[in-house]
Amino acid sequence: MKMIKAMIRPEKFEAVKTALDKAGFGALTVFDVEGRGIQKGIRQQYRGAEYITDLIPKRELEIVVADEAAENVIEVIKTAAYTGKIGDGQIFVLPVEDSIRVRTGERGAEGI
């Protein structure tokens, strides 16, 4: 199994969620997070004054899937989150050792 963690633009969340649902991957966990990548923040203006926002709001998605579904999920997220501009996000893939469904006791891929 794999855990896919994706940091995406907040405004692309609904598009990504809808695309994942259509692809059959409806189960996910979502966090509102802040961070920065290679752009090191953004310059903004407010009432004529310029300031730098060091940490940029993002949405983090976590999805655990069977090994063979991981590439499909990655492609769905990449396509739906893409704008072509810096700050589109990042996707991380981590191994998952086990999954246990509390209600039934199912383990492994059946426990997802």
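Heads up: these notes are all about the structure in this document.

What counts and how
Residues numbered from 1 in each chain as written. Predicted model: local features only at pLDDT ≥ 70, side-chain atom pairs only at ≥ 80, totals over all residues. Heavy atoms only, no water. Helix = DSSP H or I, 4+ residues; strand = E, 2+ residues; numbered from the N terminus. Rg over C-alpha atoms; globule rule 2.2 N^0.38 Å. Buried < 20%, exposed > 50% of the residue type's maximum accessible area, 1.4 Å probe, protein only. Contact = heavy atoms within 4.5 Å. Areas by Shrake-Rupley, 256 points an atom, 1.4 Å probe, with all protein chains shown as cover. Lys, Arg positive; Asp, Glu negative; His and termini not counted. Charge placed at Lys NZ, Arg CZ, Asp CG, Glu CD. Pairing = 2+ DSSP bridges. Axes fitted to C-alpha atoms, helices over the stretch in contact; angles between N-to-C directions. Phe/Tyr/Trp six-rings, centres within 6.5 Å; stacked < 30°, edge-to-face > 60°. Lys NZ or Arg CZ within 6 Å of the ring centre and 35° of its normal. 1 Å grid on protein atoms, 1.4 Å probe; cavity = no way out; pocket = protein on both sides within 12 Å on 5 of 7 lines; lining within 4 Å. Points joined across faces, edges and corners; volume = space filled by probe spheres on them. Nonpolar A, V, L, I, M, F, W, Y, C, P; charged D, E, K, R; others polar.

### With respect to the overall build of the protein
For step 1, the next point in the chain: Counting its regular elements, the protein contains 2 helices and 6 strands.
For step 2, the next point in the chain: The N-to-C order of helical and strand elements in the protein reads β-α-β-β-β-β-α-β.
For step 3, the next point in the chain: For the protein, whose C-alpha radius of gyration is 17 Å, the value lies well above the compact-globule estimate of 13 Å for 112 residues.
For step 4, the next point in the chain: Along the longest, intermediate and shortest principal axes, the C-alpha atoms of the protein span 60 × 25 × 20 Å.
For step 5, the next point in the chain: Within the protein, the fraction of its 112 residues that count as buried is 30%.
For step 6, the next point in the chain: Restricting the contact set of the protein to residue pairs at least 6 apart, pairs at least 24 apart contribute 70%.
For step 7, the next point in the chain: Accessible surface, the protein as shown: approximately 7500 Å² in total, 52% of it carbon and sulfur.
For step 8, the next point in the chain: When the 17 positive and 18 negative side-chain charges of the protein are each reduced to one mean point, those points stand 7 Å apart.

### Examining the sheet that holds strand β2 (residues 29-35)
Backbone-to-backbone hydrogen bonds join strands into a sheet, with any given pair of strands oriented parallel or antiparallel.
For step 1, the next point in the chain: Strand order in this open sheet of 4 strands is β2-β5-β1-β6, and the pairing throughout is antiparallel. Only two strands of the sheet have a single partner each, and these edge strands are β2 and β6 (89-95). Direction aside, the axes of adjacent strands within the sheet are offset by 20° on average.
For step 2, the next point in the chain: Here 7 bridges tie strand β1 (residues 2-8) to β6, and the two strands are oriented antiparallel to one another. Counterpart to A6 in the pairing with β6 is I91.
For step 3, the next point in the chain: Relative to strand β5 (residues 56-65), helix α1 (residues 13-22) is tilted by about 10°, and along the sheet it contacts β1, β2 and β5.

### Some words on the pairing of β5
Where a strand is regular, its side chains alternate between the two sheet faces.
For step 1, the next point in the chain: Within β5, 7 of the 10 residues are buried, which leaves the element mostly enclosed by the surrounding structure.
For step 2, the next point in the chain: Examined bridge by bridge, β1 and β5 share 7 bridges and lie antiparallel to one another. Residue pairing across strands places K2 opposite V65, the latter belonging to β5.

### Some words on the packing of aromatic side chains
For step 1, the next point in the chain: Evaluation of the coordinates by the stated rule reveals 0 aromatic pairs.
For step 2, the next point in the chain: Of note, R59 hangs over the ring of F13, and the distance from its end group to the ring centre comes to 4.7 Å.

### Brief notes about the layout of surface pockets
For step 1, the next point in the chain: As a volume, the largest pocket reaches approximately 290 Å³.
For step 2, the next point in the chain: Lining the largest pocket are 16 residues, and of these R36, G37, K58, G89 and Q90 lie nearest its centre.
For step 3, the next point in the chain: Taken together, the elements giving at least two residues each to the lining of the largest pocket come down to β2, β5 and β6.
For step 4, the next point in the chain: Residues that form the lining of the largest pocket fall into these classes: 6 nonpolar, 6 polar and 4 charged.

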